[in-house]
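# Chain and residue survey
Each chain, letter by letter, is given below.
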Amino acid sequence: MTLSSGLSPVARGLITLYTSTLLAGMWSMIVPALPVLAKSFDISPGTAAQTITALAVGRFAGMPISGVVLDRLGTRAALTAGPAIACSAALLAGFMPWFSFILVLGFLLGIGESIWVIAREVAGIDLVPPQQRGRVLSGFHGVNNLGLALGPLFGGLLTEMIAFRAVFFAYAACAGVSVLLGMIVANEEPVTVQKPAAPSTQPTSWGIDLAWQWLRGIRELFHQIHPELRATYVVLVFATLTSFGHRVTTQSMLPLLANSNLGLSPKEVGMLFTISGVSVFAMIFPAGFVIDKVGRKWATVPSTGIPAIAFLLMPFAQNFFQLAVLVSFLGIANGLSLGSLATSTFDVVPASARGRLQAVRRTIAETGGIGAPLLGGYLADRFNAGVPFLAYAPLLVLSA
């Protein structure tokens, strides 16, 4: 008798999804390779950091795509299509001799990752009753952050022992395994999708019309929120925006800061991210207790206030130990944010529009993930790698 035969279908499904979630976080193997990538292509460190920007733009673009795949083709199609796109993009990036094409492939990798993350969350929710959904989703965040923690460690080792291109091949292997895992997940029947409205009678203005329709749709959804709770929703959107921004800033700028200011090796940079990820993973259960038993603000306020302090101190770190302490506090803050912003949003939005308003919150937040490394890369090239942290800290203070 095999181990799997003694498990219930729900347990087998969750184990499969959690394994795929862990592998998805391994894209972070790319992070400690950025300084080496910059030297290999003879580009500035800030330019190399735009690899993370390209991935973030891809995640932003992949969100509406993931909805279409899920609603029209089902969860299994999304769980295989997402990692398949990521696998193909990572493989090509490993062979690509031009940095500009690596940026394009990073964009495709982000699209695949976005489809991947939405699909596994929906598949997980379909497996359990409503009263267990919070724990399942919190588990997804925690396991993904464990992958994000382990990725830089392996990425740093691969970069030092082989070459920076090895991290792309390693991530392609992780995504390939996830394609196989997606094939064995129970498929949820596609939801019937309403046909879109007829296009504008003026072909040249269809893009503008579509944008206006989208904005009107957001306005109508916003007005479904109780008037006394609308300001709270706006604050939660802003907090999510800054949360995404500070995480991507850390991912893209910390390797540059550690390498240029302290001369840390890719392996040591990877260890910093591992410390952060372990801190996040350790906060899964305490964060759930705080959110449900103590109060939402006791999780949401520190989740942005602690990073503000860490960002102000990070440019002045003198050695690996000091950076490690600051990074561990960032991990604690990220752990507190796991589920707290989403849970607080569910508290204030009406049931009739909670899915769409959650999607609006996350879509707007992804702009922070796109803009943060762009601005950070410019500031790093114009001044030094510590300036992006100082520039971003006031937004975190405001958010808290």
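Since the model is a prediction, treat every value here as computed from it, not as a measurement.

### Focus on a nonpolar patch on the surface
On the surface, Ile309, Leu312, Leu313, Phe316 and Leu390 cluster together into a nonpolar patch covering about 470 Å² of accessible area. Take the nonpolar patch: its biggest share by element is three residues, from helix α13 (residues 297-313). With respect to the element layout, Ile309 can be found in helix α13. Relative accessible area serves as the criterion here: at 53%, Ile309 is assigned to the exposed category.

### A closer look at the confidence of the model for the protein chain
Within the protein chain, residue pLDDT values average 79, and 84% of them lie at 70 or more. Confidence scores differ between elements of the protein chain, with helix α9 (residues 206-222) showing the lowest mean pLDDT of 66 and helix α8 (residues 165-184) the highest of 89. Within the model, pLDDT remains below 50 along residues 191-204, and this stretch shows seven contacts once partners closer than five positions in the same chain are excluded.

### Notes on the packing of aromatic side chains
Scanning the entire structure with this criterion turns up seven aromatic pairs. Both rings, one in Phe222 and one in Tyr233, keep their centres 6.3 Å apart while their planes meet at 50°; by these two values the pair is tilted. Taken as a pair, Phe222 in helix α9 and Tyr233 in helix α10 (residues 230-262) lie far apart in primary sequence, eleven residues in all. In this structure Phe222 comes out as partly exposed when scored by relative accessible area, which is 24%. Ring centres of Phe311 and Phe389 lie 5.0 Å apart, and the angle between their planes is 75°; on these two criteria the pair is classed as edge-to-face. Taken as a pair, Phe311 in helix α13 and Phe389 in helix α17 (residues 387-399) lie far apart in primary sequence, 78 residues in all. There is no split in this pair, since Phe311 and Phe389 are both buried.

### Section: α8
Across its 20 residues, α8 extends 30 Å between first and last C-alpha, which sits within 8% of the 28 Å expected from 1.5 Å per residue. Turning to α8, its buried residues are Ala166, Val167, Phe168, Tyr171, Ala172, Cys174, Ala175, Ser178, Val179, Leu181 and Gly182.

### Quick word on α10
Because each turn of an α-helix spans 3.6 residues, side chains separated by three or four positions in sequence point in the same direction. With 33 residues, α10 should cover 48 Å at 1.5 Å per step; its first-to-last C-alpha distance of 45 Å lies within 8% of that length. Along its length, α10 reaches its greatest deviation from straightness, about 40°, at Met253, and the proline Pro255 lies no more than four positions downstream. Positive phi shows up at Gly263, right after α10, with a value of about 65°.

### Examining the environment of Glu160
Inspection of the secondary structure assignment puts Glu160 in helix α7 (residues 133-161). Counting along the chain gives 127 residues from Glu160 to Ala33, while the straight-line C-alpha distance between them is 8.9 Å. Apart from residues no more than four positions distant in its own chain, Glu160 is found in contact with Ser265, Pro266 and Lys267.

### Things to note about the side chain of Thr53
Along the polypeptide, Thr53 turns up in helix α4 (residues 50-73). Taking the relative accessible area as the measure of exposure, Thr53 reaches 6% and is therefore buried. Setting aside anything within four residues of it in sequence, one finds Thr53 in contact with Ile370, Pro373 and Leu374.

### Observations concerning the packing of helix α1 (residues 9-24) against α8
At their nearest, the axes of α1 and α8 sit 9 Å apart, and the two run at 160° to each other. Judged by the angle between their axes, α1 and α8 are roughly antiparallel. Crossing handedness for the pair α1 and α8: left-handed. Between α1 and α8, the contacting residues are Thr16, Thr19, Ser20, Leu23 and Ala24 on the first element and Tyr171, Cys174, Val177, Ser178, Leu181 and Ile184 on the second.

Calculation notes
- Residues numbered from 1 in each chain as written.
- Predicted model: local features only at pLDDT ≥ 70, side-chain atom pairs only at ≥ 80, totals over all residues.
- Heavy atoms only, no water.
- Patch = residues over 30% accessible without salt bridge, like charges linked within 9 Å, V, L, I, M, F, W, Y side chains within 5 Å.
- Areas by Shrake-Rupley, 256 points an atom, 1.4 Å probe, with all protein chains shown as cover.
- Salt bridge = Lys/Arg side-chain N within 4 Å of Asp/Glu carboxyl O.
- Helix = DSSP H or I, 4+ residues; strand = E, 2+ residues; numbered from the N terminus.
- Buried < 20%, exposed > 50% of the residue type's maximum accessible area, 1.4 Å probe, protein only.
- pLDDT = per-residue confidence, 0-100.
- Contact = heavy atoms within 4.5 Å.
- Phe/Tyr/Trp six-rings, centres within 6.5 Å; stacked < 30°, edge-to-face > 60°.
- Expected span 1.5 Å × (residues − 1).
- Bend = angle between axes of the 7 residues up to and from the residue.
- Axes fitted to C-alpha atoms, helices over the stretch in contact; angles between N-to-C directions.
- Parallel < 35°, antiparallel > 145°, perpendicular 65-115°, else oblique.
- Left-handed = near helix turned anticlockwise from the far one by under 90°.

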